[in-house]
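Structural overview
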Amino acid sequence: MDGDLLPIGQFARLSRLSVKQLRHYDELGLLVPAWVDPGSGYRYYRRAQARQALSIGLLRSLDVPLPVIREVLAGATDALTGVRAAQEAELARRRRTLAALERVLAGGLPAVPVRVVTEPERTVAVVGESAAGPADVGRATSAAIARLMRVAAPAGPPQLVGLFPIDLEDTFPVRAALVVAPDRTPEPGFDVEVLPGGAFACATHVGPYDQIPLTVHAVLGWCAERGTRCAGRSARCTCPTPPPPNPTSLSPT
């Protein structure tokens, strides 16, 4: 056997990886042993492979996915760009979550005053945006409103309505609606719908879009305490001008 070969245990200590990790990377074809004993199946590595093993360990410590590590080792210099963007997005999401948590810590669980109002029927222009979970509501709402204002081009001060599913899943649609004249017809980029009127449980949301779920929580709790079933497919959020810092949240009763 070549004297330059190191058994897997010794190579693991040299490369700061575990034997289990080395076996896994071998199975993935990411770090293949220099020689495998055909009788025992024992793996051996060359010292020159330590640099590659250490690089894998470094990138994993930076939360770089294994498929991206494969690209980096193959010489794809821009492979880490997407990882950085994903980590920045996750950091922004964590900051939004922290801000909501700090609000709960400062003021307790949401206890927003809820009242019943009667809303008229409205004709609206509507666009949609997909939200990747409740933490993505703020981004999806802002994106939908920006696109709606661009394609629907209101003539006067806009009256906006946000439409959010009552049951939130891993991915769900967020729709932004702009109140328009009853004779408005659909155009490229938006649909036209009629929002039915009726009785609504109403609460005023104070804060950024990202914290709308706190107010919705209070409204749903109010409905549950009174045995009131939420009707319709979505809750509504109305606001007078975009982008509003303090929109009014409405949930149908």
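The coordinates are above.
All of these numbers come straight from a predicted model, not from anything done at the bench.

**Details of the overall build of the protein**
On a plain count of helices and strands, the protein comes out with seven helices and eleven strands. The contacts of the protein with a sequence gap of at least 6 include a subset with a gap of at least 24, amounting to 66%. When the 27 basic and 24 acidic side-chain charges of the protein are each reduced to a single mean position, those positions are 5 Å apart.

**Some words on the pattern of salt bridges**
With the rule as written, the count across this model stands at twelve salt bridges. Its salt-bridge partner being R184, residue E187 comes within 3.4 Å of it at the nearest N-O pair. With relative accessibility at 24%, the residue R184 sits in the partly exposed group. Taken together, the shared-partner salt bridges in this structure form one network comprising E129, D136, R139 and R147.

**Some points on the sheet that holds strand β2 (residues 35-36)**
Spatial ordering of the open sheet is given by β1-β3-β2, a layout of three strands whose pairing is antiparallel. Only two strands of the sheet have a single partner each, and these edge strands are β1 (5-7) and β2. In this sheet, strand β3 (residues 43-46) lies alongside β2 in antiparallel orientation, the contact comprising two bridges. What sits directly across from V36, in β3, is R43. Packing of helix α1 (residues 8-15) onto the sheet brings it into contact with β1 and β3, and relative to β1 it is tilted by some 95 degrees.

**Examining the environment of P173**
Counting through the fold element by element, P173 comes out in strand β7 (residues 172-179). When the C-alpha atoms of P173 and A140 are compared, they prove to be 8.5 Å apart, with 33 residues separating the residues in sequence. Beyond its immediate chain neighbours, meaning those up to four positions away, P173 contacts E129, L163 and P165.

**Quick notes on helix α6 (residues 137-152)**
For α6, which comprises 16 residues, the first-to-last C-alpha distance of 22 Å matches the rise-based estimate of 22 Å (1.5 Å per residue) to within 8%. Where α6 is buried, its residues contact β5 (122-131), β6 (160-165) and β7. Of the residues trailing α6, A153 is marked for its positive phi of about 45 degrees.

**Considerations on the packing of aromatic side chains**
Any aromatic ring pair is given by two values, namely how distant the centres are and how the planes are angled relative to each other. On inspection of all chains with the given rule, the structure shows three aromatic pairs. With a centroid separation of 4.5 Å and an interplanar angle of 5 degrees, the aromatic rings of F11 and Y45 are classed as stacked. Taken together, the residues span a long stretch of sequence, with F11 in helix α1 and Y45 in strand β3 at a distance of 34 residues. Residue F11 is classed as buried on the basis of its relative accessible area, which comes to 0%. Between Y42 and Y44, the ring centres sit 5.5 Å apart and the planes meet at 65 degrees, which makes this aromatic pair edge-to-face. A relative accessible area of 14% places Y44 in the buried class.

**Topic: the pairing of β7**
Here eight bridges tie β5 to β7, and the two strands are oriented antiparallel to one another. Paired with V124 across the two strands is V179, which belongs to β7. Relative to β7, β6 runs antiparallel, the two being bridged by four bridges. Paired with L163 across the strands is R175, a residue of β7. Hairpin geometry of β6 and β7 is characterised by an intervening segment of six residues between the two adjacent antiparallel strands.

Quick notes on the rules
- Residues numbered from 1 in each chain as written.
- Predicted model: local features only at pLDDT ≥ 70, side-chain atom pairs only at ≥ 80, totals over all residues.
- Heavy atoms only, no water.
- Helix = DSSP H or I, 4+ residues; strand = E, 2+ residues; numbered from the N terminus.
- Contact = heavy atoms within 4.5 Å.
- Lys, Arg positive; Asp, Glu negative; His and termini not counted.
- Charge placed at Lys NZ, Arg CZ, Asp CG, Glu CD.
- Salt bridge = Lys/Arg side-chain N within 4 Å of Asp/Glu carboxyl O.
- Buried < 20%, exposed > 50% of the residue type's maximum accessible area, 1.4 Å probe, protein only.
- Pairing = 2+ DSSP bridges.
- Axes fitted to C-alpha atoms, helices over the stretch in contact; angles between N-to-C directions.
- Expected span 1.5 Å × (residues − 1).
- Phe/Tyr/Trp six-rings, centres within 6.5 Å; stacked < 30°, edge-to-face > 60°.

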